[in-house]
Amino acid sequence: MNEQLFRELSAARALHVLSPEEEQTFSEALAAHPEWLPVADEDRETVARLSASIAEVAPPAGARTAMLDLIARTPQFEAPEPPSALGVADLAPVVDEPVRAPEPTLPPELLGADDDQDDAEESFTRSRRRAGWFGLAASVAVLLAIALALPVTGMLAPKDPVSIALQQVESSNDARTETVALADGGQATLHWSNSSQQAVFVAEGMRAAPADRDYELWIVRGDEPISLGVMRANNAGGAAVLAQGFEPGDALAVTVEDRGGSRSGLPTTDPIAVIASA
C-alpha cells in the first residue's frame, strides 16, 4: 500500500465509515508503516475540531410546521398488495438454459497474491467512494445548520450597514435613545451606544426638503461641525443615517442647505433639529 491510499483510508476511518475488513487493512498497513501514524492522528484531530466548532442551534419556530406541511402534501407510496396464490396461468414457461462449459480455474498455488491485491484495491475504492459521499453529506449538514441559525429575513435579503449598526447598538448593554420633534410635525431619534461607539439617526414623518434644497446631517463635537453628508427622506418621510466617526458626547444636528450640501463645508442655516448624546 502506498501512502496516498493510506491517507484516504485514514480519512474514512476518522469519519467512522470503514467496514470491518477495511479496519483490518488499515491496522495492518499502520503496523507495517509506523511512520504514517501522524497522518491518522491529524485526521482524527481534524474531525474532532470540526465537530466541536459547530454549536447546536435551535431550528426556527416555523421549521417543524413547514416540514409537516411538506409531508402532508407529498404523495406517499402505497404498500404492495400481498401476492395471491399462484395458479397454473401464473406460472412462467420454463426455458432450458444452454449448458455452459465450466470456467477454467488456476491451481491454488497460483492464486492468492493477485486476488489479495484485487481485494485490497476494491476495498480502497469502496472506502474512497464512501468517504466522498460522507464528505458531501457533512457539507450539506453544515450548510443546513448555518441556514437554520440565520434569521429568515436575513436569508431573504442582505442587510445594509445602517440596519446592522442599529441592531448592534440596540443589543449593547448601554444602548440609549433620544427623540426630538421636528418643526414640520415629524420626529427624529438618535440611537447610540458609547461602548460600541456607533450612532444611527432615524427620522420619521419628515417632509421633503424645499426645491433646490437638501437636508444635511452634522456631527457636532464641541464647537466643530463635521458633515455626514446630504440626507433625503423617502416618500413616507423616513430616513436613516449611520453616524460614521461617532464618539461619546457628540451631538447630531440637521440643517437645510443648498442642493447637494453646503459648499463651504460648514452649516449655513440654523439647525432644525439637534440631539445631544451626552
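Refer to the structure above for everything that follows.
Residues numbered from 1 in each chain as written. Predicted model: local features only at pLDDT ≥ 70, side-chain atom pairs only at ≥ 80, totals over all residues. Heavy atoms only, no water.

1. Let's talk about helix H1 (residues 3-14)
With 12 residues, H1 extends 16 Å between its outermost C-alpha atoms, agreeing within 8% with the 16 Å of an ideal straight helix rising 1.5 Å per residue. Every buried residue of H1 is accounted for by Leu5, Phe6, Leu9, Ser10, Ala12 and Ala14. Just past H1, the residue His16 takes up positive phi, approximately 60°. (Helix = DSSP H or I, 4+ residues; strand = E, 2+ residues; numbered from the N terminus. Expected span 1.5 Å × (residues − 1). Buried < 20%, exposed > 50% of the residue type's maximum accessible area, 1.4 Å probe, protein only.)

2. Looking at the sheet that holds strand S4 (residues 213-221)
Strand order in the open sheet formed by 4 strands is S5-S4-S7-S8, and the pairing between neighbours is antiparallel. Looking at the sheet topology across the chains shown, the edges are occupied by strand S5 (224-231) and strand S8 (273-276). Geometrically, the sheet is characterised by an average inter-axis angle of 30° between neighbouring strands, direction not taken into account. In this sheet, S5 lies alongside S4 in antiparallel orientation, the contact comprising 7 bridges. Across the sheet, the residue bridging to Leu217 is Gly229, located in S5. (Pairing = 2+ DSSP bridges. Axes fitted to C-alpha atoms, helices over the stretch in contact; angles between N-to-C directions.)

3. Considerations on the pairing of strand S1 (residues 176-181)
Bridge count for S1 against strand S2 (residues 187-193) is 6 bridges, and the pairing is antiparallel. Following the sheet pairing, Thr179 is matched in S2 by Thr189.

4. Focus on the environment of Ala188
Here Ala188 is to be found in strand S2. Along the chain, Ala188 and Gly238 lie 50 residues apart, while their C-alpha atoms are 9.5 Å from each other. Sequence-distant contacts of Ala188, that is, excluding residues within four places in its chain, are made with Glu178, Thr179, Val180, Leu182, Phe201, Val202, Ala203 and Ile275. (Contact = heavy atoms within 4.5 Å.)

5. Some points on the packing of aromatic side chains
One pass over the structure, following the stated rule, counts 2 aromatic pairs. Feature note: the residues Phe6, Phe26 and Trp36 constitute an aromatic cluster, connected by ring pairs. (Phe/Tyr/Trp six-rings, centres within 6.5 Å; stacked < 30°, edge-to-face > 60°.)

6. Observations concerning the packing of H1 against helix H2 (residues 20-32)
Interhelical geometry of H1 versus H2 gives an angle of 125° and a closest axis separation of 10 Å. With respect to their mutual orientation, H1 and H2 come out oblique. The crossing of H1 and H2 is left-handed. Contacts between H1 and H2 pair Phe6, Leu9, Ser10 and Arg13 from the former with Glu22, Glu23, Thr25, Phe26, Ala29 and Leu30 from the latter. Residue classes in the contact of H1 with H2 are distributed as 5 nonpolar, 2 polar and 3 charged. (Parallel < 35°, antiparallel > 145°, perpendicular 65-115°, else oblique. Left-handed = near helix turned anticlockwise from the far one by under 90°. Nonpolar A, V, L, I, M, F, W, Y, C, P; charged D, E, K, R; others polar.)

7. Re the nonpolar core
Membership of the largest hydrophobic core comes to 21 residues, with the highest contact counts inside it found for Phe201, Met206, Met231, Leu252 and Val254. At the level of elements, S2, strand S3 (198-204), S4, strand S6 (239-242), strand S7 (251-258) and S8 are the ones that each hand at least two residues to this core. In this structure Val254 touches Phe201, Met206, Tyr215, Glu216, Leu217, Met231, Pro271, Ile272 and Ala273, once residues within four positions along its chain are discounted. In terms of nonpolar packing, the next biggest core, distinct from the first, is built from 10 residues, Phe6, Leu18, Val39 and Ala40 among them. (Core = buried A, V, L, I, M, F, W, Y, C linked by side-chain atoms within 4.5 Å.)

8. With respect to the environment of Phe26
Topologically, Phe26 is positioned in helix H2. For Phe26, a relative accessible area of 3% puts it in the buried group. With 20 residues separating them along the chain, Phe26 and Phe6 place their C-alpha atoms 7.3 Å apart. Here Phe26 is in contact with Phe6, Leu9, Ser10, Arg13, Leu18 and Ala40, once residues within four sequence places are set aside.

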